[in-house]
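Letter by letter, the chains look like this.
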Amino acid sequence: MPARLPPHAAGMRIGLFGGTFNPPHDGHRLASVIALKRLGLDAVWWLVTPGNPLKENSGLPPLGARMAAARRIADHPRIHITGLEAEIGTRFTYDTVRYLTQRYPQVRFVWIMGADNLAGFHRWQRWRDIAQMIPIAVIDRPKSTLKASQSRTASYLLGRRLDESDGALLAVARPPAFIFLHGPRSETSSTALREAGQTL
Ligand SMILES: Nc1ncnc2c1ncn2[C@@H]1O[C@H](COP(=O)(O)OP(=O)(O)OP(=O)(O)O)[C@@H](O)[C@H]1O
Ligand SMILES: O=C(O)c1ccc[n+]([C@@H]2O[C@H](COP(=O)([O-])O)[C@@H](O)[C@H]2O)c1
């Protein structure tokens, strides 16, 4: 249970991967495995959201069903599926990151997101404060590379960008810090899967 970390977790490097996961898919898994390897993380926690504050959530399958599907897709010893945001009573990333960094000051947390989310990150609540609290890793995604690179957040973080070869330094970098990881990409999206009738 990630919300109650054991004492040996001090110094661990943990990636936080928030998402709706409706449904989860191979792109989520690939992004997590890339982050694990290239950033030298001990674990990645999928934070299955009670509902993205910027999305229309009517018809969203229950959290428990999305978590169960996420467990089946992730199927990796270092990827942990959590409903942490529902437990602490928020859907805002600022609250989640503040909670975790205050509660576990010895853990090195990194925020992970796909390039499409970097493009719209400046619409998130207190986005600059999030960037001041936690290093950010962006995983490239088809059709989003340019938008992400030209985004307001990329400009804001420009002087704080690490070279891709320095991935192992991100978790110990003082935020704001940011890395854009390119590599194998997955074309899969939950939208396309839902449109094809592949739900949970
Ligand atoms: N194929 C992919 N490659 C890289 N990152 C991805 C990919 N698919 C999703 N992500 C990232 O995973 C996180 C959770 O995404 P989400 O659950 O919304 O999936 P999605 O496929 O983007 O869904 P939707 O199409 O409904 O918006 C986000 O940070 C998103 O950018
Ligand atoms: O905090 C915010 O304002 C905010 C706005 C939009 C998205 N998020 C988070 O971004 C993550 C990715 O969401 P999604 O729907 O693209 O998978 C998920 O953890 C959301 O809660 C957070």
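Remember, predicted model here, so these are calculated numbers, not experimental data.

### Comments concerning the site of ligand 2
Point 1. For ligand 2, the set of nearby residues contains 16 residues, the closest of which are Gly18, Gly19, Thr20, Asn52 and Trp124.
Point 2. Counting only elements with at least two residues in the shell around ligand 2, the list comes to β1 (13–19) and α4 (93–103).
Point 3. A per-class count over the shell around ligand 2 returns six nonpolar, eight polar and two charged.

### Some details on the pairing of β1
Point 1. Counted residue by residue, β1 has six buried out of seven residues, so it is predominantly covered.
Point 2. Pairing of β1 with strand β4 (residues 108–114) involves five bridges; the strand directions are parallel. Counterpart to Leu16 in the pairing with β4 is Trp111.
Point 3. For β1 and strand β2 (residues 43–48), the ladder comprises six bridges, and the chain directions are parallel. By the bridge assignment, Gly19 is partnered in β2 with Val48.
Point 4. Remark: the β1/helix α1 (residues 26–38)/β2 crossover connection has right-handed handedness.

### Looking at the confidence of the model for the protein
Point 1. Summing up the model confidence of the protein, the mean pLDDT is 95 and the portion of residues at 70 or higher is 97%.
Point 2. The ipTM for the predicted assembly is 0.99, set against a pTM of 0.97.

### A word on the nonpolar core
Point 1. Counting 48 residues, the largest nonpolar core has Leu16, Ala35, Trp46, Val110, Ile112, Ala137 and Val138 as its most contacted members.
Point 2. Residue contacts for Leu16: discarding those within four places in its chain leaves Trp45, Leu47, Phe109, Val110, Trp111 and Ile112.

Conventions and cut-offs
Residues numbered from 1 in each chain as written. Chains lettered and ligands numbered in written order. Predicted model: local features only at pLDDT ≥ 70, side-chain atom pairs only at ≥ 80, totals over all residues. Near = placed C-beta within 6 Å. Helix = DSSP H or I, 4+ residues; strand = E, 2+ residues; numbered from the N terminus. Nonpolar A, V, L, I, M, F, W, Y, C, P; charged D, E, K, R; others polar. Buried ≥ 20, exposed ≤ 12 C-beta atoms within 10 Å, placed from the backbone. Pairing = 2+ DSSP bridges. Right-handed = clockwise from strand over helix to strand, strands pointing away. pLDDT = per-residue confidence, 0-100. Core = buried A, V, L, I, M, F, W, Y, C linked by C-beta atoms within 7 Å. Contact = placed C-beta atoms within 7 Å.

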